[in-house]
Amino acid sequence: MTSKQRAYLKSLAMTMDPIFQIGKSSVTPELTTAISEVLEARELIKISILNNCDEDAKSIAETIAGRTKSQIVQIIGKKIVIYKPAKDEKKRKIILPRV
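Residues numbered from 1 in each chain as written. Predicted model: local features only at pLDDT ≥ 70, side-chain atom pairs only at ≥ 80, totals over all residues. Heavy atoms only, no water.

1. Remarks on the environment of Thr33
Within the secondary structure layout, Thr33 lies in helix H2 (residues 29–42). When its relative accessible area of 43% is taken as the criterion, Thr33 is described as partly exposed. Between the C-alpha atoms of Thr33 and Thr68, which are 35 residues apart in sequence, the distance is 8.0 Å. There is a polar contact of 2.9 Å between the side chain of Thr33 and the backbone oxygen of Pro29. (Helix = DSSP H or I, 4+ residues; strand = E, 2+ residues; numbered from the N terminus. Buried < 20%, exposed > 50% of the residue type's maximum accessible area, 1.4 Å probe, protein only. Polar contact = N/O pair within 3.5 Å; in protein donor to acceptor, adjacent residues only side chain to side chain.)

Structure, rendered in structure tokens:
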């Protein structure tokens, strides 16, 4: 992903509300499955990390990205933005700018 594409995704994510909240149980297999399903439908999601979570945002983002085969767009404080294009090109909602 280029910096121009990342900037475009950040601008889209600015107005989004977090879909998932991660608490003290951290990243469970059930949460990973749910995130994967939502990523397929929406492509770009925002996740919020609650104060009672012991892990830092970077390690959580890397775990989620690794398990869902997605890309981390940005991490700001306790908010994570993740992107994964839809498998079917006809269902893609977000068209990234060309390089």
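Anyway, onward from the coordinates.
2. Side note on the sheet that holds strand S4 (residues 79–83)
Spatial strand order, S1-S2-S4-S3: 4 strands in an open sheet with mixed pairing. Each edge of the open sheet carries a strand with a single partner, namely strand S1 (20–22) and strand S3 (71–76). In this sheet, neighbouring strand axes are inclined to one another by 25° on average, regardless of whether the strands run parallel or antiparallel. Note: S1 against strand S2 (residues 44–49), 3 bridges, orientation parallel. Its bridge partner being in S2, Phe20 is matched across the sheet by Ile47. Against the sheet, helix H1 (residues 3–13) engages S2, S3 and S4, with an angle of about 60° to S3. Packing against the sheet, helix H3 (residues 57–68) makes contact with S1, S2, S3 and S4, and its axis sits at approximately 165° to S3. (Pairing = 2+ DSSP bridges. Axes fitted to C-alpha atoms, helices over the stretch in contact; angles between N-to-C directions. Contact = heavy atoms within 4.5 Å.)

Purely geometric numbers; function is a separate question.
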